[in-house]
Amino acid sequence: MPVLAAFAFAVWPADSAGLREAVQPLVEHEYPSLEKLYFHCHTHPELSFREEKTAEQLAQELKALGIEVTARVGGHGVVGVLRNGAGPTVLIRTDLDALPVKEQTGLSYTSTVRATNDLGVEVDVMHACGHDIHITSLVGTARLLTQLKDRWSGTLVFIGQPAEERGAGARAMLKDGLFTRFPKPDYCLALHVSSDMPAGTLGVVEGFMLANVDAVDITVRGVGGHGAWPHKTKDPIVLAAQTIMALQTIVSRETDPLESAVVTVGSIHGGTKHNIIPDDVKLQVTVRTFTDRVRANTLAAIRRIVRGQALSAGIPEERLPVVTIDEREFTPATYNNPELARRLGGTFKEVFGDQHVVTRKPVMGGEDFSEYGRTTDKIPICIFWLGSVEPERVAESERTGKPLPALHSNLYRPVPEPTIKTGVAAMTAAVFELVGKK
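This report concerns the structure included in the present document. (Residues numbered from 1 in each chain as written. Predicted model: local features only at pLDDT ≥ 70, side-chain atom pairs only at ≥ 80, totals over all residues. Heavy atoms only, no water.)

1. Some points on the packing of helix H5 (residues 236–247) against helix H7 (residues 292–312)
Operational definition: Note on method: axes are straight lines fitted to C-alpha atoms, helices fitted across the in-contact stretch only, with angles between N-to-C directions ranging 0 to 180 degrees. For the purposes of this entry, the term helix denotes a DSSP run of H or I that reaches at least four residues, the term strand denotes a run of E that reaches at least two, and both are numbered from the N terminus. For any pair of crossing helices, the crossing counts as left-handed if the nearer helix is rotated counterclockwise from the farther one by less than a right angle, and right-handed if it is rotated clockwise. Only heavy atoms enter the contact rule, under which two residues are in contact if any of them lie within 4.5 Å. Following the grouping adopted for this structure description, the nonpolar residues are Ala, Val, Leu, Ile, Met, Phe, Trp, Tyr, Cys and Pro, the charged ones are Asp, Glu, Lys and Arg, and the polar ones are all others, Gly among them.
Here H5 crosses H7 at 145°, and the two axes come no closer than 10 Å. Between H5 and H7 lies a crossing of right-handed hand. Within the contact between the two elements, H5 uses Leu-239, Gln-242, Thr-243, Ala-246 and Leu-247 and H7 uses Ile-302, Ile-305, Val-306, Gln-309 and Ala-310. Grouping the constituent residues of the contact of H5 with H7 by class yields 7 nonpolar, 3 polar and no charged.

Written out as structure tokens, the structure is:
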């Protein structure tokens, strides 16, 4: 895989009082050890709720900088506090967990890890969503900010969050006192790799950036029997098919065209043999929305349609479908505070140049970083996109129309050097914008 060997900062603003001269050599000096950390994280991925070794690695990195570290916050969460006089408190988050994916990138540092999941099944494990880049960028940012303490004043809270992929880690850390046991932030920041943006670029979104994510399980129940005598049964497979088609009308006919929603049936399982009509069919549905109102309407419509289809098929009351929505793994929409996002976008343009900073549209992915802005404190949050793909690959994709491997793909491979260097520089610049001395 070709690696971009060179990376250079754009001209930093004149009023940064030598910040560029201070930061650029530090990034270059730290990169070799950061690259080793990245390779280590990539080859030692851990599933959600099982990030013990990853958390220990992050804790060691922060402790080595003299940062006050508390482990096992909300599970395997890590909290590091760096106090440096009076000023704002800024929280910087990385996620820790990996995915049950078998890596197929062919890289020399391809993950070969296998682990047992919650169901007791052995699965392959890969950092297919770039959390290893996030961890490395946070450590690099912590290193720079500890070395530049004479240039800023305030308190920094570095957190390593478990179980982002399960939508549960942020809630667990908050429940365990993240905003009460530790300094309460005035701002919360995070970055996330993008699989379709060139390394060395940044993407900013004001307002909604990522969606509400709900997992809906539906058991369509019928009355089974012999395939040769369907009139003596209530066929749940036919009913499931009708239900799937009816669910598509929620977005097309029940949602304001100016709003956004997705209802996708990702899994359907029913039956065991050609000539047996089963008793039930199981559907797994993902629902994506932005506003709380559209979410509530969409989930209510699913319940109504599923029940209505069953009644129209003559399913008896005791065999009506079962709809389960697991609120424990619900991920609320990520809403970037517009003023904060606009402020950071301006900083990034000054630091990296207008051509390296783009305004992005919201996407229907999910991120539980949103939770930090939904407490009663309504703390301003902002997560921004970090380009991670070789520019030539992005250009080829745009030219040919062939999509690049997406996040969660077994072929996703961020290019380390420019991605990590940009991530460290961007997060450092963001923090300086909020706590830096003028």
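2. Some points on the side chain of Asp-132
Test applied: Polar contact is the term for a pair of N or O atoms within 3.5 Å; when the atoms are in protein, one must be able to donate a hydrogen and the other to accept it, and sequence-neighboring residues count only if both atoms are side-chain atoms.
Structurally, Asp-132 can be placed in helix H3 (residues 131–147). Within the local environment of Asp-132, its side chain forms a polar contact with the side chain of His-42, the two groups lying 2.7 Å apart. Apart from the residues within four sequence positions on either side, Asp-132 is in contact with Tyr-38, Cys-41, His-42 and His-127.

3. Here we look at the packing of helix H2 (residues 52–63) against H3
The following threshold applies: Angular relationships are summarised with four words: roughly parallel below 35 degrees, roughly antiparallel beyond 145, roughly perpendicular across 65 to 115, and oblique for the angles in between.
Direction vectors running N to C along H2 and H3 enclose 15°, while the axes themselves pass 10 Å from each other. Regarding the angle of H2 to H3, the classification is roughly parallel. Relative to H3, the crossing made by H2 is right-handed. Taking contact as the criterion, the partners of Thr-54, Leu-58, Glu-61 and Leu-62 in H2 are, on H3, Ile-135, Leu-138, Val-139, Ala-142 and Arg-143. Residues that form the contact of H2 with H3 fall into these classes: 6 nonpolar, 1 polar and 2 charged.

4. Some words on the packing of aromatic side chains
Inclusion rule: Each Phe, Tyr or Trp ring, with Trp reduced to its six-membered ring, pairs with another whose centre is within 6.5 Å; inter-plane angles below 30 degrees give stacked pairs, above 60 give edge-to-face pairs, and intermediate values give tilted ones. Exposure classes here rest on a 1.4 Å probe applied to the protein chains alone. A residue is buried below 20% of its type maximum, exposed above 50%, and partly exposed in between. Both a distance and an angle decide whether a charge sits over a ring: NZ of Lys or CZ of Arg must be within 6 Å of the ring centre and within 35 degrees of the ring normal.
Using the criterion set out here, one finds 8 aromatic pairs in the structure. With a centroid separation of 6.3 Å and 50° between ring planes, the pair formed by Phe-179 and Tyr-372 is classed as tilted. Of this pair, Phe-179 sits in the loop between helix H4 (169–175) and strand S7 (187–198) while Tyr-372 sits in the loop between strand S17 (357–359) and strand S18 (381–389); the two residues are 193 residues apart in sequence, bridging distant segments of the chain. The burial state of Phe-179 is the same as that of Tyr-372; both residues are buried. The interplanar angle of 75° and the centroid separation of 5.0 Å between the aromatic rings of Phe-208 and Tyr-335 together place this pair among those described as edge-to-face. Of this pair, Phe-208 sits in strand S9 (residues 207–210) while Tyr-335 is found in strand S16 (residues 334–336), placing the two residues 127 residues apart along the sequence. When its relative accessible area of 41% is taken as the criterion, Tyr-335 is described as partly exposed. Taken together, the ring pairs connect Tyr-38, Phe-39 and Tyr-109 into an aromatic cluster. The ring of Phe-330 has Arg-295 lying over it, and the distance from NZ or CZ to the ring centre is 3.6 Å.

Remember that the coordinates give geometry; whether it matters functionally is a separate question.
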